[in-house]
Amino acid sequence: MSIEVAGVSKRFGDFVALDDVDLSIPTGQLTALLGPSGGGKTTLLRIIAGLESADSGSVVIEGVDTTGVPVQKRNVGFVFQHYAAFKHLSVRRNVSFGLEIRKRPKAEIEAKVDELLRLVHLEQFADRRPTQLSGGQRQRMALARALAIEPSVLLLDEPFGALDAKVRKELRDWLRRLHDEMHVTTVFVTHDQEEALEVADSIVVINDGRIEQVGTPDDLYDKPASDFVLSFLGPVTRLGDHLVRPHDIEISRYEQAAVTVGTITRWTRIGFEVRLEVTPEDARQPGPVLVSLTRTDATALGLHEGDRVWLRLRPGAS
Ligand SMILES: Nc1ncnc2c1ncn2[C@@H]1O[C@H](COP(=O)(O)OP(=O)(O)OP(=O)(O)O)[C@@H](O)[C@H]1O
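For clarity, every value in this text was computed on a predicted model and none was experimentally measured.

Draft legend 1. Molecular detail of the overall build of the chain. When you go through the chain residue by residue, the secondary structure sums to nine helices and 17 strands. Long-range pairs, those at least 24 residues apart, make up 63% of the contacts in the chain between residues at least 6 apart in sequence.

Below you can see the structure in the form of C-alpha cells.
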C-alpha cells in the first residue's frame, strides 16, 4: 500500500470534519475522493499532504509514518484548483523550480523538464509566461511542475474544477492517459461523480467526515452500500418503497403486474434519451416517478404525455 490512513480525526472548533477515517490507497492507482461539498475530502487530502495536521490517527506513506514530517520532506506533489504559478517565470522555469531548489545538476534538470513538457504537450509554450496560457494549459503546467520532483504520491484537489466543461473533459482523458504512462500513485478530489466514474481505478465516497464506501467504479455503481452512495453516483427515483435508477424502470401502456400505476405528466427529450415524469395514482407515493428510456424505445412503446402507464422494476435490476 502506498498510503495508509488510520484512525484520522479532525475537528475545526466544535465541527467534526473527519471522524475516525481508515483508508488504504494502493501503489500506482488513480484514486478519487468523491463526495458532496463540505464532506471532508479536501481536509483528508491536506492531511495526507501535510498541509494540515490530524487531531489523532496516522498517515503512513510508502511505509514511513509521516506524523511530524513537514510537507517538503514527504515527497508529495500537489495541484490545486487555482494553481499559483510564478507569474514572472517562464513555463520552463515554473516546471524546473522544484529541481533547482533541490540543486540538481543543470543538464539533468534540462533533460527532465524537456521530458515533462513533452508529456503535458507544452513544448511549444516553454518560453511563455503562465499568464499567456489558457486555463487548461496552466493546469497541465501545474501537473508537470508537481511531477518534476518525482513524487511518490501526487495529490490533486479539484484540478480541473475551474475550467469549462469541454476542457475539463479533455483534461480528464488526458490525466487518465498520463497516469497510465507514469503510474504515480495519484489521489484526486472531486465532487463530480462522472469525473470519478470515468477516470478513477478506485473511488472513495466521503460524506459528513466519514467514508461511505470504497470500491471500483463498477462496484459502487452496481452494488452501492447505501442509498447515499446510490443517489450520489447517478440519478435515482422512488418506485414504491425503493430508490432505483430511472433507466431500471420498465414502463407499459398495458395493464401488468406493477408497483405503480400513473399518468405521464411530463416528457423531455435530451438527444437520444427521453425522460418521463409519471404521477402515481396512489397519493401515498411521494412525487412523480422519473423514468428514462431511449427515444427509439419510447416511440416503439407508443408513449405520449397524458397516457396511463404501469411501472415496475426491470427484471435483473436491483
Ligand atoms: N480551516 C478551517 N476552519 C474551519 N472549518 C473548516 C476549515 N477547513 C475546512 N473546514 C470545514 O470542514 C468541512 C470539510 O471541509 P472540506 O474542505 O474538507 O470539504 P470538501 O469535501 O473538500 O468540500 P468542497 O468540495 O466544498 O471543497 C467543511 O464544513 C468546512 O467548512
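Let us keep going from here.
Draft legend 2. Fine view of the nonpolar core. Ranked by internal contacts, the top residues of the largest apolar core, which has 64 residues, are Ala-32, Leu-33, Ile-48, Ala-144, Leu-155 and Val-204. For Val-204, the residues in contact, after removing those within four places along its chain, are Leu-23, Thr-31, Ala-32, Leu-33, Leu-34, Ile-211 and Val-214. Core analysis: the next-biggest nonpolar cluster, separate from the first, contains 14 residues, Leu-239, Leu-290, Leu-293 and Leu-311 among them.

Draft legend 3. Representation of the packing of helix 2 (residues 91-101) against helix 4 (residues 135-148) in the model. Two elements in contact, helix 2 and helix 4, have axes whose closest approach is 7 Å; the angle formed by their N-to-C orientations is 25 degrees. What the angle tells us is that helix 2 and helix 4 run roughly parallel. Helix 4 is crossed by helix 2, and the crossing has right-handed handedness. Contacts between helix 2 and helix 4 involve Val-91, Asn-94, Val-95, Ser-96, Phe-97, Gly-98 and Leu-99 from the former and Met-141, Ala-144, Arg-145 and Ala-148 from the latter. Residue classes in the contact of helix 2 with helix 4 are distributed as seven nonpolar, three polar and one charged.

Draft legend 4. Representation of the pairing of strand 13 (residues 249-252) within the structure. Going residue by residue along strand 13, you find Ile-249 and Ile-251 tucked away on one face and Glu-250 and Ser-252 left uncovered on the opposite face. Sheet topology note: the strand 13/strand 17 (residues 308-313) ladder contains four bridges and is antiparallel. Its bridge partner lying in strand 17, Glu-250 is registered against Arg-312.

Draft legend 5. A look at the sheet that holds strand 1 (residues 3-12). An order of 2-1-4-5 is seen for the four strands of this open sheet, with the pairing classed as antiparallel. Of all the strands in the sheet, just strand 2 (15-25) and strand 5 (64-65) have a single pairing partner and so form its edges. Note: strand 1 against strand 4 (residues 56-61), five bridges, orientation antiparallel. By the bridge assignment for strand 4, Val-5 is matched with Val-59. Its contacts with the sheet put helix 1 (residues 41-49) on strand 1, strand 2 and strand 4, and the angle it makes with strand 1 is roughly 120 degrees.

Draft legend 6. Region of interest: the site of the ligand. Near the ligand lie 13 residues; those nearest to it are Phe-12, Ser-37, Lys-41, Thr-42 and Thr-43. Elements represented by at least two residues in the shell around the ligand include exactly strand 2 and helix 1. No other element matches helix 1, which puts three residues into the shell around the ligand. Across the shell around the ligand, the residue classes tally to four nonpolar, eight polar and one charged.

Draft legend 7. Spotlight on the environment of Arg-168. Assignment of secondary structure puts Arg-168 in helix 5 (residues 165-182). Accessibility expressed as a C-beta count within 10 Å gives 20 for Arg-168, which makes it buried. On a C-alpha basis, the gap between Arg-168 and Glu-195 in space is 8.9 Å, while along the polypeptide they are 27 residues apart.

Conventions we followed
Residues numbered from 1 in each chain as written. Predicted model: local features only at pLDDT ≥ 70, side-chain atom pairs only at ≥ 80, totals over all residues. Helix = DSSP H or I, 4+ residues; strand = E, 2+ residues; numbered from the N terminus. Contact = placed C-beta atoms within 7 Å. Core = buried A, V, L, I, M, F, W, Y, C linked by C-beta atoms within 7 Å. Buried ≥ 20, exposed ≤ 12 C-beta atoms within 10 Å, placed from the backbone. Axes fitted to C-alpha atoms, helices over the stretch in contact; angles between N-to-C directions. Parallel < 35°, antiparallel > 145°, perpendicular 65-115°, else oblique. Left-handed = near helix turned anticlockwise from the far one by under 90°. Nonpolar A, V, L, I, M, F, W, Y, C, P; charged D, E, K, R; others polar. Pairing = 2+ DSSP bridges. Near = placed C-beta within 6 Å.

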